[in-house]
Amino acid sequence: MKKLVLINPHPRGKHGEEDLRVIVQMPLNLAYIAAHTPRDRWEVDVIDETMDEAVDGDGRLCFDADLVGITSLTCQAPRAYQIARACRARGIPVVMGGPHAITHFHEAAEFVDAIVVGEAEGVWSGLLADFERNGLRKIYDGGFPELDYMRVWPDRELLQSKYQYKYSSIVTTKGCPWRCEFCSVPMVQGKTYRERSVEDVLDEMEATPFRGLMFAEDNFYGYKPESNERARQLFRGMVERGIHKDWFGFTQFSTAHDLAALKDMAVSGCLGFLIGMESTDEAVLRKLRKGSNLKTGVENYASAIDNIHDHGMIVWASVIFGADLQTKDCFRAMTDYLLEHAVDVVTFGVHCPFPNTALFQRMVQEKRLLRSNWPEDWIYYDSGHLTHTLSHMSLDEFIEGMEHVYKHLYGPENLRRRFIETLKRNGSRRTAMFAYKVGMDWDIVFQNVLKNLYALRESGMYQRVMRENNLAVAAA
Ligand code: SF4
């Protein structure tokens, strides 16, 4: 029997979505790989570094294996390479997959023995067979196939027995046809929106003992009328089968204008949903190429928010700070908007040029990147650090703006006030409490983002890059 160890790397001291303890969840992609591994020949173990460590502080490997599989987001890549180095020093071959392996397979190939680009499940058993006969290839291309392969459900039990997660996730769709300038989803999941069979999703939901479920995709509602109809069937199916979960997911504003869908979502236990609001300024949205929001129209955000509240759910808005065209006034404008409409959870991303996106190419061309000592500097590409110079404000104005947002939305007093406001608007203690807990956790993430910004200012790096590349703040 050979031993496979699957690893979710986590850079030491990193703070981000993994700090949202209320929804802390298993790396589902590893649970899928475990499910596709033949157990008659392989023993499988998992190391989730958000709770554990694969390599200790002295660079020593904390486990033994015949083969190691590592998944990696871009910000995890330096840690993934550190683990790979320690494995290979012990003669253990390493396979890497996940978003960073897709966008940077030439770089990753230097650190590991095999790379999987695209989705791994379809090529996994072949890869293991190659390994068993000593013929591991350098690259395996899983592509972006139809989602029939997801009829093999993830092995949640394996991860749960080791780490006792409170929440799990489920994938019902993949891919995105939009072309937002900053987003890597079309690149790492494909530009075609792919959907699982509704019945199979419902069967999986029924079978999983987890009460808390996140829909781990970018838009569970879909982009076309037929996809919207499929989403309605899914929610209706949950109601008809009596599947009641504490669930939430990611979607777009148009979902909240579909009252039939909202009704069934609420009955099936939906706590609310996360919408990439990004900005309330249409010029900024155009610059971001955020087509889905422009299609809805900023003037229709408010009715969407009201509809969600009217169904007892919460609105979780994700906004972007640091995008081009945003001036120092954007922070006050956004804060006022969020308070006026009682948006229940507000999380944000510092505008980030993820590798190989259109935004990344443009930032390289305009010589605006602050961090380019790769692979080490990938750690900063996490939406919690500023990684490029700002077009329409100074670094000081950006930091003051972020402090304004923190001061008016976060901290115990504000969070308590916002909890009461949520309760007033949606009348649901259950979902209001969920929003409050997410807010408490994001408070910690926010404080760390501020620390990152102070460190950047103190380093003098920002001014140096501005000076060296003859950059200036554009007039508003
Ligand atoms: S931000 Fe959302 S809509 Fe835009 S490309 Fe990414 S997943 Fe698609």
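Residues numbered from 1 in each chain as written. Predicted model: local features only at pLDDT ≥ 70, side-chain atom pairs only at ≥ 80, totals over all residues.

**Thoughts on the environment of Asp 155**
Then comes step 1: Mapped onto the secondary structure, Asp 155 falls in the loop between strand 6 (139-143) and helix 6 (156-163).
Then comes step 2: Linking Asp 155 and Leu 30, residues 125 residues apart in sequence, is a C-alpha distance of 8.4 Å.
Then comes step 3: When near neighbours in sequence (up to four residues on either side) are disregarded, Asp 155 contacts Ala 31, Ala 34 and Ala 35. (Helix = DSSP H or I, 4+ residues; strand = E, 2+ residues; numbered from the N terminus. Contact = placed C-beta atoms within 7 Å.)

**Topic: the site of the ligand**
Then comes step 1: The ligand sits among Cys 176, Trp 178, Cys 180, Cys 183, Val 185, Pro 186, Asp 218, Gly 276 and Ser 292.
Then comes step 2: Class assignment of the residues belonging to the shell around the ligand gives a composition of 6 nonpolar, 2 polar and 1 charged. (Near = placed C-beta within 6 Å. Nonpolar A, V, L, I, M, F, W, Y, C, P; charged D, E, K, R; others polar.)

**Looking at the sheet that holds strand 13 (residues 314-321)**
Then comes step 1: Sheet architecture is open: 6 strands sit in the order 7-10-11-12-13-14, paired in parallel fashion. The open sheet has two edge strands with one neighbour each: strand 7 (167-170) and strand 14 (345-350). Averaged over all pairs of adjacent strands, the angle between their axes in this sheet comes to 20°, without regard to strand direction.
Then comes step 2: Pairing geometry for strand 7 and strand 10 (residues 212-215), over 4 bridges, is parallel. When the sheet's bridge partners are listed, Tyr 167 is paired in strand 10 with Gly 212. (Pairing = 2+ DSSP bridges. Axes fitted to C-alpha atoms, helices over the stretch in contact; angles between N-to-C directions.)

**Describing the domain arrangement of the protein**
Then comes step 1: Taken domain by domain, the protein holds domain 1 (2-147) and domain 2 (166-459).
Then comes step 2: Taking the mean C-alpha position of each, domain 1 and domain 2 sit 27 Å from one another.
Then comes step 3: Listed as interface residues are 26 residues of domain 1 and, on the opposing side, 37 residues of domain 2.
Then comes step 4: When residues of the side of domain 1 that touches domain 2 are traced back to their parent elements, those giving at least two are helix 2 (77-89) and helix 3 (99-103).
Then comes step 5: Class assignment for the residues of the side of domain 1 that touches domain 2 results in 15 nonpolar, 6 polar and 5 charged. (Domains from an automatic or database assignment.)

**Structural notes on the packing of helix 8 (residues 198-207) against helix 9 (residues 225-241)**
Then comes step 1: Between helix 8 and helix 9, the shortest axis-to-axis distance is 10 Å and the interhelical angle comes to 40°. Once helix 8 is placed against helix 9, the crossing between them reads as right-handed. Across the interface between the two elements, Val 198, Val 201, Leu 202, Met 205 and Glu 206 of helix 8 pack against Arg 230, Gln 233, Leu 234, Gly 237, Met 238 and Arg 241 of helix 9.
Then comes step 2: Here the contact of helix 8 with helix 9 is built from residues that sort into 6 nonpolar, 2 polar and 3 charged. (Left-handed = near helix turned anticlockwise from the far one by under 90°.)

**Here's the deal with the environment of Arg 362**
Then comes step 1: Assignment of secondary structure puts Arg 362 in helix 15 (residues 358-365).
Then comes step 2: For Arg 362, a count of 14 C-beta atoms within 10 Å gives the class partly exposed.
Then comes step 3: A C-alpha to C-alpha distance of 15 Å links Arg 362 and Gly 322, two positions 40 residues apart in sequence. (Buried ≥ 20, exposed ≤ 12 C-beta atoms within 10 Å, placed from the backbone.)

**Description of the pairing of strand 10**
Then comes step 1: Side-chain alternation along strand 10 places Gly 212 and Met 214 on one buried face and Leu 213 and Phe 215 on a second face that is also buried.
Then comes step 2: Two elements, strand 10 and strand 11 (residues 246-251), share 4 bridges in a ladder whose sense is parallel. Within the sheet, the bridge partner assigned to Met 214 lies in strand 11 and is Phe 248.
Then comes step 3: Once you follow strand 10 into helix 9 and on to strand 11, the crossover reads as right-handed. (Right-handed = clockwise from strand over helix to strand, strands pointing away.)

**Notes on the environment of Val 152**
Then comes step 1: Inspection of the secondary structure puts Val 152 in the loop between strand 6 and helix 6.
Then comes step 2: Taking the C-alpha atoms as reference, Val 152 lies 9.7 Å from Glu 204; in sequence the two are 52 residues apart.
Then comes step 3: The contacts of Val 152, once residues within four sequence positions are left out, are Ala 35 and His 36.

**Things to note about the nonpolar core**
Then comes step 1: If you look at the biggest cluster of nonpolar residues, it comprises 134 residues, and the most contacted ones within it are Leu 6, Ala 84, Met 96, Val 112, Ile 314 and Ala 317.
Then comes step 2: Among the elements that take part in this core, helix 18 (residues 429-459) stands out by supplying 10 residues, more than any other.
Then comes step 3: Mapping this core onto the domain boundaries places at least three of its residues in each of domain 1 (2-147) and domain 2 (166-459). (Core = buried A, V, L, I, M, F, W, Y, C linked by C-beta atoms within 7 Å.)

**Digging into the sheet that holds strand 4 (residues 94-97)**
Then comes step 1: Spatial ordering of the open sheet is given by 2-1-3-4-5-6, a layout of 6 strands whose pairing is parallel. Two strands close off the open sheet at either side, each with one partner strand: strand 2 (42-48) and strand 6. Neighbouring strand axes in the sheet, compared pairwise and without regard to direction, differ in orientation by 20° on average.
Then comes step 2: With 4 bridges joining them, strand 5 (residues 114-118) and strand 6 adopt parallel strand pairing. Each bridged residue has a counterpart across the sheet, and for Val 117 the counterpart in strand 6 is Asp 141.
Then comes step 3: The strands touched by helix 1 (residues 28-35) are strand 1 (2-8), strand 2 and strand 3 (67-71); relative to strand 1, the strand with the most contacts, the crossing angle is about 165°.

**A closer look at unusual backbone geometry**
Then comes step 1: Omega for the peptide link from Trp 374 to Pro 375 comes to 5°, which places this bond in the cis form.
Then comes step 2: Mapped onto the elements, Pro 375 comes out in the loop between helix 15 and helix 16 (395-409).
Then comes step 3: Unusually for a residue other than glycine, Gln 164 sits at a positive phi of about 50°.
Then comes step 4: Mapped onto the fold, Gln 164 is located in the loop between helix 6 and strand 7.
Then comes step 5: For Gln 164, a count of 9 C-beta atoms within 10 Å gives the class exposed.
Then comes step 6: In this structure, Asn 470 takes a positive phi of about 55° despite not being glycine.
Then comes step 7: If you trace the backbone, Asn 470 turns up in the segment after helix 19 (461-468).
Then comes step 8: The class of Asn 470 is exposed, set by 7 C-beta atoms lying within 10 Å.

**Some words on the pairing of strand 11**
Then comes step 1: When strand 11 meets strand 12 (residues 270-278), the two strands line up parallel, connected through 5 bridges. When the sheet's bridge partners are listed, Phe 250 is paired in strand 12 with Leu 274.
Then comes step 2: Between the parallel pair strand 11 and strand 12, the chain is carried across by helix 10 (residues 259-267), and the sense of this crossover is right-handed.

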